[in-house]
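Listed below are the residues making up each chain.
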Amino acid sequence: MSRKQVSLVNIFISSFIAFMALFILGPLIWLAVHAFATSWTYPNLLPDGFTFTWWKTIAGDQELVKSVKNSLLISPIVVLISAVVCLPAAYAFSRYQFFGRKSFLIGMFAANAFPKIGLYASIATLYYTLNLMGTIVGVIIIQLLGTIIFMTWIPAAAFGSVPRNLEDAARDAGASKLRTFWDITFRLALPGILVAMVMSFLASFDEAQGTYLVGVPTIYTMPTKMYALVLNYPVQIAAVFSLLLAIPSVLLISIARKHIIGGQLADGFQIK
Amino acid sequence: MSNSTGSGGLELQGLKKILGGRVIIDDLNLTVNKGEMVSLLGPSGCGKTTTLRMIAGFLIPDAGRVVLAGNDVTNTGPEKRPSAMVFQNYALWPHMSVYKNVAYPLKLRKMNKSEITKRVHNVLELVNLMHHKDSRPSQISGGEQQRVALARALVQEPDVLLLDEPLSNLDAKLRVKVREDIRDLQRRLGITTVIVTHDQDEALSISDRIAVMNGGRIEQFSSPQELYDRPATEYVANFIGSLNHLTGDYSNGRVTVGTKTIGIRPEDVHFTSTNESNGFEATVDHVVPRGHFSEVYLKREDAELRAFMSTNIPAVGEKGYAVIKKALIYENGKLLKVE
């Protein structure tokens, strides 16, 4: 290849990278700028000015603050309940052979296979008879649905990857079955369980469809509040809210990256 | 009622185990004296690991009794038995340091901290691993991992030490050294030990007695020397050492027409150029050098014999006389006599 051709290829590659970067980061930059802009309209390249007004507006709007509080309350509860219900199931799936094991495992996808809105509509009918419409409990149950698959499949794989003879060795050393589970099985499956918890938290935190159907107008979470924001508030408010909504995701993923992928917990799986 | 021997060792009485509809262990009886080292030797699938797992308590026998140090533990869980096991692939807990691995059994016994530290340090010094006490199992070599597993078992001061193929994951050189180490430790501590192995060299070199297993039963249980000199069955004779097979009758070094099986150890076949005693004519077919000895293949029209010779190795094609010094004569698989 001649020097001219090489530089042509380089130009092509660089412009492609620049285009992809703009494609991925563009909307994020747009959001970030809007959150601090007084106004930013076509065809201006730069916003007219910068301000913290929009953040103050949100902090002062009781409705919006309430939705943030709701989200921060409901999601941890959902993750906790999901863990309590699904982790024993995950252990059973990975360690015991029982009738219908495969069907149950595959069946869990069924809830995710159909359009959710149809499922939610039929649940709503049920909710009206049970008086769960517009209640926190109702919202928690709806959000639980989306976490089941994460909380079962990922920990089941994690439990399954703990070698049996490590458990045998603990029993031989004098540990009861329960002690063996806590000290060895659970401890070695912990990275997988934490990943499942992060995924479940995000699934719950971002769930909007079902929560909207069941919770509105009494209970708003951050994602469902977004609907109202987009329709009724200036675009800058929605931008601020989007950033707020992204904080837990970014935080959790970076923590997970540090402690699960690169940290000590990963050592547990370096079995020679 | 207890009909234990009171030997303080290990006793297996009429053990039977069926797994997946197949009889794995059938009416197995074994008595290991206190302080004795016994090998369970056999090919894979003979039931030796199943037997060990029944002694450890991971499997409950379908019939029979397991008596450890005078107590019937047949239905006792592994955590309550006075036995400690070294697993084939060591089964070290990857999330604990070497020290914590070894300390774990003591922690479960609710021992106080200073006592735990003392005993763990003692046993780590015993297996020469003090410098690795803070390492993770994944950071040390296979031989070192094996010693950690051994330390974890010894720190419990068990009545019976169980070793499941402890050397199979080590390379040949290390294997010999570690097996000497294990034997040395076992003698010094006087600990009753059962070791499962498929390697006859290993069994012969470290055991007080060897139980040769076949199809879920013990074929013969005796000292290594006895096992080699007087194998009770044809199976044992074939499994331990090398053997020439001939069919016929045998008397005074002569093989005549008959139906018995005659087994001759290659070292009991001599080859001489002159017929001194009852030999028969043979030609050297080929010679395989094996280091400190040579395998000499002797041929006659109707038979072939293998001889192990270390001096005066004959040349290929040389004619002479094969003399049989000793033969094992079997009828229906059982030893009839040694001549």
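What you see is a predicted model, and the numbers here were worked out from it, not measured in a lab.

Colleague: Just checking my understanding: could you explain the overall build of chain A for this structure?
Modeller: A tally of regular secondary structure across chain A gives 13 helices and zero strands. What you see in chain A, going N to C, is helices and strands ordered as α-α-α-α-α-α-α-α-α-α-α-α-α. Evaluated residue by residue, chain A yields a buried proportion of 41% over its 272 residues. Within chain A, contacts between residues separated by at least 24 positions form 68% of all contacts whose residues are at least 6 apart in sequence.

Colleague: When you look at the interface of chain A and chain B in this model, what are you seeing that I'm missing?
Modeller: With 22 residues of chain A at the interface, the matching set in chain B holds 26 residues. Joining chain A to chain B, the criterion identifies two salt bridges. As a salt-bridge pair, Arg53(B) and Asp168(A) come within 2.9 Å of each other at their nearest N and O atoms. Elements represented by at least two residues in the side of chain A that touches chain B include exactly helix H8 (164-173), helix H9 (177-206) and helix H13 (264-267) of chain A. It is H8(A) that contributes the most residues to the side of chain A that touches chain B, eight residues altogether. A breakdown of the residues in the side of chain A that touches chain B according to their chemical character gives eight nonpolar, six polar and eight charged.

Colleague: Sorry, what's going on with the nonpolar core here?
Modeller: Counting 41 residues, the largest nonpolar core has Leu10(B), Leu12(B), Trp93(B), Tyr104(B), Leu162(B) and Val194(B) as the members making the most contacts within it. Contacts of Trp93(B), omitting those with residues within four sequence positions, involve Leu166(A), Ala169(A), Ala170(A), Ala173(A), Ile184(A), Asn101(B), Tyr104(B), Pro137(B) and Arg152(B). One finds Val79(A), Cys86(A), Met226(A) and Ala256(A) within the second-largest nonpolar core, a separate group that totals 36 residues.

Colleague: What's the story with the packing of helix H3 (residues 62-95) of chain A against helix H11 (residues 222-232) of chain A in this structure? I'm lost.
Modeller: The description of two packed helices rests on the angle between their axes and on the distance between the axes. Residues and elements named next belong to chain A. Their axes nearest at 8 Å, the elements H3 and H11 cross at an angle of 155°. Considered as vectors, H3 and H11 are oriented roughly antiparallel to each other. Between H3 and H11, the contacting residues are Glu63, Leu64, Ser67, Val68 and Ser71 on the first element and Met222, Pro223, Lys225 and Leu229 on the second. When grouped by side-chain class, the residues that make up the contact of H3 with H11 number five nonpolar, two polar and two charged.

Colleague: What am I meant to see in the domain arrangement of chain A here?
Modeller: Buried accessible area, meaning the area lost when the parts come together, often serves as the stated size of an interface. Residue and element names in this part refer to chain A. You can read the domains of chain A as domain 1 (1-51) and domain 2 (64-269). Distance from the C-alpha centre of domain 1 to the C-alpha centre of domain 2: 36 Å. At the interface, eight residues of domain 1 touch six residues of domain 2. Counting the surface lost from both domain 1 and domain 2, the interface buries some 540 Å², and carbon and sulfur atoms represent 78% of this. When the buried surface of domain 1 facing domain 2 is broken down by residue, Leu31, His34 and Ala35 rank first, second and third, together holding 69% of it. There are zero salt bridges connecting domain 1 and domain 2.

Colleague: Explain helix H5 (residues 172-189) of chain B to me, please; I cannot follow it from the model alone.
Modeller: Residue pairs spaced three or four apart in an α-helix point in one direction, given the helix's 3.6 residues per turn. Residues and elements named next belong to chain B. Between its terminal C-alpha atoms H5 stretches 26 Å, which fits the 26 Å expected from 18 residues at 1.5 Å a residue. Taken together, the buried positions of H5 are Val178, Arg179, Ile182, Arg183, Leu185 and Gln186. For H5, the angular spread of the buried residues around the axis is 165°, confining them to a single face. Along H5, the residues that are exposed and aim more than 90 degrees away from the buried face are Lys173, Arg187 and Arg188. Tucked inside the fold, the buried residues of H5 contact strand S3 (37-41), helix H3 (113-126), helix H4 (142-154), strand S7 (160-164), strand S8 (192-197) and helix H6 (200-206).

Colleague: How do you make sense of a nonpolar patch on the surface when you look at a structure like this?
Modeller: Among the surface-exposed residues, Val9(A), Phe12(A), Ile13(A), Phe16(A), Ile17(A), Phe19(A), Met20(A), Phe23(A), Ile24(A), Leu25(A), Leu28(A) and Ile29(A) lie close enough to one another that they form a single nonpolar patch of about 1200 Å² accessible area. The topology assignment puts Ile13(A) in helix H1 (residues 3-36).

Colleague: Help me understand the sheet that holds S3(B), please; the structure alone is not making it clear to me.
Modeller: The strands that make up a sheet pair up through hydrogen bonds in the backbone, lying either parallel or antiparallel. All names here are of chain B. Reading across from one edge, S6-S7-S8-S3-S9-S10 is the order of the six strands in this open sheet, with mixed pairing throughout. The strands lining the two open edges of the sheet, one partner per strand, are strand S6 (83-86) and strand S10 (217-222). Between one strand axis and the next, the sheet turns by 20° as a mean value, whatever way the strands run. As paired strands, strand S9 (residues 209-214) and S10 are joined by five bridges and run antiparallel to one another. Paired with Val212 across the bridge in S10 is Gln220. Lying on the sheet, helix H1 (residues 48-56) is in contact with S3, S6, S7, S8 and S9; it crosses S7 at an angle near 150°.

Colleague: What should I look at first to understand the pattern of salt bridges in this one?
Modeller: A side chain with one charge can pair with a side chain of the opposite charge if their charged atoms come near. Taken as a whole and judged by the stated rule, the model has 18 salt bridges over all chains. Ionic pairing is found between Arg179(A) and Asp183(A), a salt bridge with its closest N-O pair at 2.9 Å. Taken together, the positions of Arg179(A) and Asp183(A), both in helix H9 and four residues apart, correspond to about one turn of that helix. Assessed through its relative accessible area of 18%, Asp183(A) is described here as buried. Residue Arg290(B) is joined to Glu295(B) by a salt bridge in which the shortest nitrogen-to-oxygen separation is 2.1 Å.

Colleague: For this particular structure, what's the right way to read the sheet that holds strand S13 (residues 269-272) of chain B?
Modeller: Residue and element names in this part refer to chain B. Judged by pairing direction, the sheet is antiparallel, and its five strands sit side by side in the order S13-S17-S14-S15-S16 without closing on themselves. Lying at the two open borders of the sheet, with one neighbouring strand each, are S13 and strand S16 (304-309). Mean inter-strand twist for the sheet, computed between neighbouring axes without regard to direction, equals 45°. As defined by bridge partners, strand S14 (residues 280-289) adjoins strand S17 (residues 319-324) across four bridges and the pair is classed as antiparallel. Looking across to S17, one finds that Ala282 is bridged to Gly320.

Cut-offs and rules
- Along every chain, residues carry numbers that run from 1 in the direction the sequence is written.
- Here every chain gets a letter starting at A, and every ligand a number starting at 1, in the order they are written.
- Only residues with pLDDT of 70 or above have their local features reported here, since the model is predicted, and side-chain atom pairs are shown and tallied only from 80 upward, although totals for entire chains, interfaces and linings are computed over all residues.
- As a convention, hydrogens and water are excluded, and side-chain values are obtained from all of the structure's heavy atoms.
- Counting from the N terminus, the helices are DSSP H or I runs at least four residues long and the strands are E runs at least two residues long.
- When a residue's accessible area, from a 1.4 Å probe over protein chains only, is under 20% of the maximum for its type it is buried; when over 50% it is exposed; and in between it is partly exposed.
- Throughout, a residue-residue contact means that at least one pair of heavy atoms, one from each residue, lies within 4.5 Å.
- The term salt bridge refers to a side-chain nitrogen of Lys or Arg lying within 4 Å of a carboxyl oxygen of Asp or Glu.
- In this count, Pro and Cys sit with the nonpolar residues alongside Ala, Val, Leu, Ile, Met, Phe, Trp and Tyr, while Asp, Glu, Lys and Arg are called charged and the others, Gly among them, polar.
- Among the buried residues, those of types Ala, Val, Leu, Ile, Met, Phe, Trp, Tyr and Cys that are joined through side-chain atoms within 4.5 Å form a nonpolar core.
- Lines fitted to the C-alpha atoms define the axes, with helices restricted to the stretch that makes contact. Angles between their N-to-C directions range from 0 to 180 degrees.
- The cut-offs work like this: below 35 degrees is roughly parallel, past 145 is roughly antiparallel, 65 to 115 is roughly perpendicular, and the gaps in between are oblique.
- Segmentation into domains, and thus their bounds, comes from an automatic or database assignment.
- Put simply, buried area is how much 1.4 Å-probe accessible surface two parts lose in total, over both of them, once they are put together.
- Helix span, expected: 1.5 Å multiplied by one less than the number of residues in the helix.
- Think of the arc as the fan of directions from the helix axis to the C-beta atoms.
- Residues enter patches when their relative accessible area tops 30% and they take part in no salt bridge; the joining distance is 9 Å for like charges and 5 Å for the nonpolar side chains Val, Leu, Ile, Met, Phe, Trp and Tyr.
- Surface accessibility follows the Shrake-Rupley procedure with a 1.4 Å probe radius. Residue values consider only the protein chains on display as shielding.
- Strands pair, by our definition, only if DSSP identifies at least two bridges between them.

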